[in-house]
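Listed below, chain by chain, are the residues.
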Amino acid sequence: MKPVLEVKDLVAHFYTRRGVVRAVDGVSFTIHEGETVGVVGESGSGKTVCQLSYLRLLPEPPLRILGGSALLEGGLDLLKASPNQLRSIRGNRVSMIFQEPMTSLNPYLTVGTQLCEPLQIHGLLSRKDAAIQATAALERVGIADASAALKRYPHEFSGGMRQRVMIAMALTTKPKLLIADEPTTALDVTVQAQILQLLRDLQKETGMAILFITHDLGVIASIAHRVVVMYAGRVMERGTVDEVFYQTQHPYTQALLRSTPRLDVDQGKLSSIPGSPPDLTRLGDGCPFYGRCAYQRDACVRVYPPLRLTPTQHAAYCHLEGLPR
Amino acid sequence: MGLGYLLKRLAIMVPVFFLVVTMVFFMIRFAPGGPFDGEKAVSPEILRNLNEKYHLNDPLLVQFGNYLKDLVRGDLGPSFKYANRTVNELIADSLPVSLELGVTALIWALLIGLVAGGLASMKPNTVWDYVPMSFSILGICLPTFVIGPLLVLVFGIWLEWLPVAGWDAPEDRILPSLTLGFAYAAFISRLTRGGLMEIRSQDFIRTARAKGLSEARILIVHSLRGGLLPVVSYLGPALAGIISGALVTETIFNIPGLGRFFIQSAVNRDYTVVMGTALLYFTLIFVCNFFVDIMYALLDPRVKYE
Ligand SMILES: Nc1ncnc2c1ncn2[C@@H]1O[C@H](COP(=O)(O)OP(=O)(O)OP(=O)(O)O)[C@@H](O)[C@H]1O
Ligand SMILES: [Mg+2]
């Protein structure tokens, strides 16, 4: 399988009056054609900022990208790309769906105008053909009476419908990579299940790669092939879903799993992770999970944990050799 | 926004207008003094005749009834102070002048305000922001009777580029309309800057960027409509302010507009002129706000007038 996007050692910090917020601090992951990679982590762990930073969608300043690379298939590094190159890629080869369905559509423009935009501005279709394509896209995501929906404004749709519109909009250009930032978090459970099914179906049809961000491990289990576990702007663990869920290597992943209700195994008592994430302006040299970790030792405060890699590329950053179960 | 709503808005105007007529009529009548008090040379005999001629001796309610009857026909009555002139004539002479001054001032205000505010919003916290915004503080703080003479001093007297007063040549329009429009330009520039910056921080602008749109398209297609709504809703009060505030400017530059009648007639108890100008101002302001509301609804699809 060809990699669609390879992010390596990405470092992106916010320079604020409060200090330097180390929101993304050396993140690496790869996503291949046709696969779904889940990104999990507690709120504030840098899942969103990480994706927005290499897509260059955050204002710089306050953000500063201090290092790393983000290579697309074909070798273009997004971190070195010109504004024109970035524009021709965004919404075309790489599309993004955002966390906030209620506010991510422009309230002053009809759904049709917004839906046709990517096709038109990337020079893929004329206005008329774009409208036909847009109708088809809306039908595909399960919006009844699509041609009437094109003439309506976002406020006339419910949250679930708006997220469908967002998905339709992201998919009109047949992207190689879809970045879905918690597309279902704001929606109720039945709608959530429908949207996940929709994404799975669309992936089968088009072979696109999906980077799926969530803090819901249940969703990851149902949709992803591989997982990246993030904490305090860093990757803690990375591997296939089975590896990460059943051969967990990192205490943070273990704690996350223990705090999530599961149907397939008997977990005993559910426990939330004690303590709270560290202040990203005051990270020390050691492991950011130190202090909340059940297995902490002296080295954890002083030295950043080494990368432990299995032959299958299951990776974890931890001083511990073999996590007690 | 349905036609029904528009008709309803217009229909509401009738009772409101009647209320205004009634209030102004009785307020000015209950004010002490009368139209002919100031004229020392007038003998009691002539005064009686004058009062007779203008029906000022009739019971007040009868006078009010007669005024309403004339008003329905569009007749605002004779002026008491300007002999042989009707209020309709006075308005016909001076309204075009005031309207021209007001509209020119508004154009200045929009032109300067939108450009300065737009620039400032694109490069916040740079010279492009600080310079126009400092000027706008000045514009908001300095009253017309300071700005006017200041402009006259600089452009009329020192530089001798523009005439200092009058209302004949086209270049006569520049200084008065700038004087009148400056404060509004200042305020509009702040509204524009704030509105555009507010819009640009919205999630949907990030969506637009993620779609690969150019900055120009993001500004024109995605930001202007929402970003300029504050300016649009300010246009109603701005027009009202410009129309009624023209008085000072008209005095500074000696312009034969409506403003001077408004003040003089109140002082002179020139009842019909007071009534005429007050009703005219009311109508202008009402109509302006009416159009602003329509514009607002056209720009923002979420606004529904019922
Ligand atoms: N503009 C900004 N300036 C300073 N800090 C920021 C800014 N935007 C985000 N951050 C910080 O960066 C960190 C990562 O935020 P991010 O939104 O990526 O978290 P997340 O993992 O997506 O969380 P959630 O699950 O709540 O969406 C947070 O600590 C946040 O406070
Ligand atoms: Mg997020």
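Residues numbered from 1 in each chain as written. Chains lettered and ligands numbered in written order. Predicted model: local features only at pLDDT ≥ 70, side-chain atom pairs only at ≥ 80, totals over all residues. Heavy atoms only, no water.

Draft legend 1. View of the environment of A:A149. Residue and element names in this part refer to chain A. Along the chain, A149 turns up in helix α5 (residues 146-149). Residue A149 is classed as buried on the basis of its relative accessible area, which comes to 0%. It is 8.3 Å that separates the C-alpha atoms of A149 and L138, two residues lying 11 residues apart in sequence. The contact partners of A149, leaving out residues within four places of it in the chain, are V111, L138, I143 and F157. (Helix = DSSP H or I, 4+ residues; strand = E, 2+ residues; numbered from the N terminus. Buried < 20%, exposed > 50% of the residue type's maximum accessible area, 1.4 Å probe, protein only. Contact = heavy atoms within 4.5 Å.)

Draft legend 2. Broad picture of helix α6 (residues 144-158) of chain B. All names here are of chain B. Between its terminal C-alpha atoms α6 stretches 20 Å, which fits the 21 Å expected from 15 residues at 1.5 Å a residue. Residue V152 marks the point of greatest curvature in α6, where the axis turns by about 25 degrees. Within the span of α6, buried status applies to I147, G148, L151, V152 and G156. Taken from the residues just after α6, E160 is the one with a positive phi, measuring 55 degrees. (Expected span 1.5 Å × (residues − 1). Bend = angle between axes of the 7 residues up to and from the residue.)

Draft legend 3. Examining the coordination of the magnesium ion (ligand 2) more closely. Residue and element names in this part refer to chain A. Surrounding the magnesium ion (ligand 2) are the protein donor atoms T48 (OG1) and Q99 (OE1), at 1.9 to 2.5 Å. In this pair, T48 is assigned in helix α1 (residues 47-54) and Q99 in the loop between β5 (94-97) and α3 (111-121), connecting sequence segments 51 residues apart. Classification of Q99 by relative accessible area gives partly exposed; the value is 26%. (Donors = N, O, S within 2.8 Å, 3.2 Å for Na, K, Ca; no water.)

Draft legend 4. Inspection of the side chain of B:T277 at higher detail. All names here are of chain B. Here T277 shows up in helix α12 (residues 271-299). Within the structure, the side chain of T277 is placed 2.7 Å from the backbone oxygen of V273, a separation counted as a polar contact. Within polar-contact distance, the side chain of T277 engages the backbone oxygen of V274 at 3.1 Å. When sequence neighbours within four positions are dropped, the list of residues in contact with T277 reads L258, F261, F262 and S265. (Polar contact = N/O pair within 3.5 Å; in protein donor to acceptor, adjacent residues only side chain to side chain.)

Draft legend 5. Main features of the domain arrangement of chain A. All names here are of chain A. Annotation of chain A at the domain level lists domain 1 (3-93 + 176-317) and domain 2 (102-172). On a C-alpha basis, the centroid separation for the pair domain 1 and domain 2 is 29 Å. Taken together, the contact between domain 1 and domain 2 spans 17 residues of the former and 12 residues of the latter. Summed over both sides, the interface between domain 1 and domain 2 buries roughly 1100 Å², with carbon and sulfur atoms accounting for 67% of that surface. Taken as a group, I195, L198 and L202 account for 34% of the area that domain 1 buries against domain 2, more than any other trio of residues on that side. Taken together, the connections running from domain 1 to domain 2 amount to 1 salt bridge. Going through the elements one at a time, α2 (83-89) and α7 (189-206) are the ones with two or more residues in the side of domain 1 that touches domain 2. With 8 residues, α7 is the single largest residue contributor to the side of domain 1 that touches domain 2. Looking at side-chain class alone, the side of domain 1 that touches domain 2 contains 9 nonpolar, 4 polar and 4 charged residues. (Domains from an automatic or database assignment. Buried area = accessible area lost by both parts, 1.4 Å probe. Salt bridge = Lys/Arg side-chain N within 4 Å of Asp/Glu carboxyl O. Nonpolar A, V, L, I, M, F, W, Y, C, P; charged D, E, K, R; others polar.)

Draft legend 6. Inspection of the site of ligand 1 at higher detail. Residue and element names in this part refer to chain A. Around ligand 1 lies a shell of 16 residues, among which S43, K47, T48, V49 and Q99 are the nearest. Between ligand 1 and G46 there is a distance of 3.1 Å, counted from an oxygen atom to a backbone nitrogen or oxygen. The contact in question runs from an oxygen atom of ligand 1 to an N or O atom on the side chain of K47, over 2.9 Å. Only β1 (3-16), β2 (19-32) and α1 provide two or more residues apiece to the shell around ligand 1. Residue composition of the shell around ligand 1, grouped by class: 5 nonpolar, 8 polar and 3 charged. (Near = heavy atom within 4 Å.)

Draft legend 7. Main features of the interface of chain A and chain B. In this assembly, 24 residues from chain A lie in contact with 22 residues from chain B. It is A:R87, A:Y108 and A:E117 that lose the most area in chain A upon contact with chain B, and together they represent 30% of the buried surface on that side. Taken together, the connections running from chain A to chain B amount to 3 salt bridges. The salt bridge partner of A:E117 is B:K211, with a shortest N-O separation of 2.8 Å. One can count 13 residue pairs in polar contact (both at pLDDT 80 or more) joining chain A with chain B. Those elements giving two or more residues to the side of chain A that touches chain B turn out to be α3 and α6 (159-171) of chain A. Looking at the side of chain A that touches chain B, the element that brings in the most residues is α3(A), giving 4 residues.

Draft legend 8. Layout of the sheet that holds strand β3 (residues 36-40) of chain A. Residues and elements named next belong to chain A. Pairing is mixed across the open sheet formed by 8 strands, whose spatial order is β5-β6-β7-β3-β8-β9-β11-β10. Looking at the sheet topology across the chains shown, the edges are occupied by β5 and β10 (307-309). Recorded for the sheet is a direction-independent mean angle of 20 degrees between the axes of neighbouring strands. Bridge count between β5 and strand β6 (residues 177-181): 4 bridges; the pairing is parallel. The residue bridging M96 from the neighbouring strand is I179, located in β6. Where α1 meets the sheet, its contacts fall on β3, β5, β6, β7 (209-213) and β8 (226-231), and the angle it forms with β7 comes to roughly 140 degrees. Seen against the sheet, helix α10 (residues 251-258) touches β8 and β9 (234-240) and runs at an angle of roughly 100 degrees to β8. (Pairing = 2+ DSSP bridges. Axes fitted to C-alpha atoms, helices over the stretch in contact; angles between N-to-C directions.)

Draft legend 9. Geometry of the packing of aromatic side chains. Applying the stated criterion to the full structure yields 18 aromatic pairs over all chains. Where A:Y231 meets A:Y252, the ring centres are 4.5 Å apart and the plane angle is 50 degrees; that geometry is what we call tilted. You can see A:Y231 sitting in strand β8 and its partner A:Y252 sitting in helix α10, a full 21 residues away along the chain. Residue A:Y231 is classed as buried on the basis of its relative accessible area of 1%. Here the aromatic rings of B:F290 and B:F291 are separated by 5.9 Å at their centres, their planes lie at 65 degrees, and the arrangement is edge-to-face. (Phe/Tyr/Trp six-rings, centres within 6.5 Å; stacked < 30°, edge-to-face > 60°.)

Draft legend 10. Molecular detail of the sheet that holds strand β4 (residues 63-72) of chain A. All names here are of chain A. With antiparallel pairing, 3 strands are arranged side by side in an open sheet as β2-β1-β4. Looking along the sheet, the strands with just one partner apiece sit at the ends: β2 and β4. This sheet shows a mean twist of 5 degrees between the axes of neighbouring strands, independent of strand direction. Where β1 meets β2, 10 bridges bridge the pair, whose relative direction is antiparallel. Bridging across to β2, A12 finds its partner in V24.

Draft legend 11. Region of interest: the environment of A:Q51. Residue and element names in this part refer to chain A. Inspection of the secondary structure puts Q51 in helix α1. Residue Q51 is classed as buried on the basis of its relative accessible area of 0%. For the pair formed by Q51 and M96, sequence separation is 45 residues and the distance between their alpha carbons is 9.3 Å. Those residues in contact with Q51 that sit more than four places away from it in its chain are F29, V39, M96, I179, L211 and I213. Within the structure, Q51 has its side chain in polar contact with the backbone oxygen of K47 (distance 3.0 Å).

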